[in-house]
Amino acid sequence: MSLAGKIALVTGGSRGIGAAIADALGERGASVVATATTPEGAESITERFATRGVEGVGMVLDVRSADAVAALFEAVGERFGAPTILVNNAGITRDNLLLRMKDEEWQEVVDTNLNSVYRLCRHAVRGMARARWGRIVNIGSVVGAMGNVGQSNYAAAKAGLEGFTRALARELGSRNITVNTVAPGFVETDMTAKLPAEQRQALLSRIPLERFGRAEEIAEVVCFLVGDGGAYITGETIHVNGGLYMA
Ligand code: NAP
């Protein structure tokens, strides 16, 4: 499968799952813009791409800022053209039991994981509609389907993402734009490195494949969805979780 000639935008491409997705899209021939929240992070993405022979750059983006999103699309448009592959990957957790949750913890998680996707998609859809081809992949979470203690903010944002995906898939189908969610289970990244050892062990005992996932295994599914194999899939949530959750 070749993505040569396609322009891909991946939010949160400095680390973890987003970095693996950006690299995999680039290695299949797409020109990739991947974002980080700092100039150093953006620079290290550009260096990583150069080492791997990927055509693309890192750029700075805070997905919580509508102005920053607008400026990013302008910069990407000038340098590469309008992206027709968008992967909304940037995300954070701010875990707390509901009774202890601070308003900021709720708002930051919903703003970074859900409102951001609305902002990015509004810009991206114009270029995709013009091209009469587009692929949007939102990175959800198994927690959006199962819930998780201490993650009511995160679960709400990720479940919201799935509803948004379905609505947008219906709106954009006639333009040959597909919209899907990939919902990872527990994947070895900085996000899960924070989990206490007992919690990791308890989780592992519930995963039929008896291990956490690798970021590259999420990237493969994203590549499938944006490639020819995924052309007739839209409005779906694809779960990638080693069997932790079976719908
Ligand atoms: P991670 O290693 O913590 O990396 C998070 C990425 O998001 C980084 O690139 C970070 O940029 C970026 N980011 C954070 N806040 C941002 C903001 N305000 N604006 C723009 N970018 C921002 O996370 P991960 O584990 O790879 O997770 C990636 C996605 O997968 C998230 O949506 C997460 O919810 C989802 N997910 C992860 C797991 C898992 O087990 N790891 C499971 C299910 C779903 P900087 O490097 O500049 O901070």
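Everything in this summary refers to the structure shown in the same document.

**Some words on the sheet that holds strand 7 (residues 237–240)**
Strand order in the open sheet made by the seven strands is 3-2-1-4-5-6-7, with parallel pairing throughout. Both edges of this open sheet fall to strand 3 (56–60) and strand 7, since each of them pairs with a single strand only. Each adjacent strand pair in this sheet contributes to an overall mean axis angle of 20°, direction not counted. Examined bridge by bridge, strand 1 (residues 7–10) and strand 4 (residues 85–88) share three bridges and lie parallel to one another. Along strand 4, the bridge assignment pairs Val10 with Val87. Running over the sheet, helix 3 (residues 66–79) touches strand 1, strand 2 (31–36) and strand 3 and is turned about 160° from strand 3.

**Some points on the nonpolar core**
Within the largest apolar cluster, 32 residues are counted, with the highest numbers of intra-cluster contacts made by Ile21, Leu25, Val32, Ile85, Val87, Val182 and Val222. Elements with a contribution of two residues or more to this core: strand 1, helix 1 (16–27), strand 2, helix 2 (39–52), strand 4, strand 5 (134–139) and helix 9 (215–226). Top contributing element to this core by residue count: helix 9, with eight residues. Every residue in contact with Ile21, bar those within four places of it in the chain, is listed here: Val10, Val87, Asn89, Ile139, Ala219 and Val222.

**Description of the pattern of salt bridges**
Overall, the coordinates contain 13 salt bridges when judged by the stated rule. Note that Arg15 and Asp190 form a salt bridge whose closest N and O atoms lie 2.7 Å from each other. With Arg15 in the loop between strand 1 and helix 1 and Asp190 in helix 7 (residues 190–193), the pair connects residues that are 175 residues apart, well separated along the chain. According to the relative accessible area criterion, Asp190 is partly exposed, its value standing at 45%. Three or more residues are tied together by salt bridges with common partners; here these are Asp23, Glu27, Arg48 and Arg52.

**Side note on the site of the ligand**
Within the structure, the ligand sits among 30 residues, and Ser14, Thr37, Asn89, Tyr154 and Thr189 are positioned closest to it. At a separation of 2.8 Å, an oxygen atom of the ligand approaches a polar backbone atom of Ile17. For the ligand, an oxygen atom lies 2.9 Å from a polar atom in the side chain of Lys158. Contact with the protein chains covers 92% of the free accessible surface of the ligand, which is 910 Å². Elements supplying a minimum of two residues to the shell around the ligand: helix 1, helix 6 (152–172) and helix 7. Top contributing element to the shell around the ligand by residue count: helix 7, with three residues. Across the shell around the ligand, the residue classes break down as twelve nonpolar, 13 polar and five charged.

**Examining helix 3**
In this model, helix 3 (14 residues) spans 20 Å end to end at C-alpha, consistent with the 20 Å of a helix rising 1.5 Å per residue. Among the residues making up helix 3, those that are buried are Val69, Leu72, Phe73 and Val76. Considered in projection along helix 3, the buried side chains sweep an arc of 95° and stay on one side of the axis. Seen from the buried face of helix 3, the exposed residues on the opposite side, beyond 90 degrees, are Asp67, Glu74 and Glu78. On its buried face, helix 3 is in contact with strand 1, strand 2, strand 3 and helix 4 (103–131).

**Re the packing of helix 3 against helix 4**
Running from N to C, helix 3 and helix 4 point in directions that differ by 30°, and their axes come no closer than 10 Å. The angle between helix 3 and helix 4 places the two elements in the roughly parallel class. The crossing of helix 3 and helix 4 is right-handed. Here Ala66, Val69, Ala70 and Phe73 of helix 3 come into contact with helix 4, specifically with Arg119, Leu120, His123 and Ala124.

Rules of the game
Residues numbered from 1 in each chain as written. Predicted model: local features only at pLDDT ≥ 70, side-chain atom pairs only at ≥ 80, totals over all residues. Heavy atoms only, no water. Pairing = 2+ DSSP bridges. Helix = DSSP H or I, 4+ residues; strand = E, 2+ residues; numbered from the N terminus. Axes fitted to C-alpha atoms, helices over the stretch in contact; angles between N-to-C directions. Contact = heavy atoms within 4.5 Å. Core = buried A, V, L, I, M, F, W, Y, C linked by side-chain atoms within 4.5 Å. Buried < 20%, exposed > 50% of the residue type's maximum accessible area, 1.4 Å probe, protein only. Salt bridge = Lys/Arg side-chain N within 4 Å of Asp/Glu carboxyl O. Near = heavy atom within 4 Å. Polar contact = N/O pair within 3.5 Å; in protein donor to acceptor, adjacent residues only side chain to side chain. Areas by Shrake-Rupley, 256 points an atom, 1.4 Å probe, with all protein chains shown as cover. Nonpolar A, V, L, I, M, F, W, Y, C, P; charged D, E, K, R; others polar. Expected span 1.5 Å × (residues − 1). Arc of directions from axis to C-beta. Parallel < 35°, antiparallel > 145°, perpendicular 65-115°, else oblique. Left-handed = near helix turned anticlockwise from the far one by under 90°.

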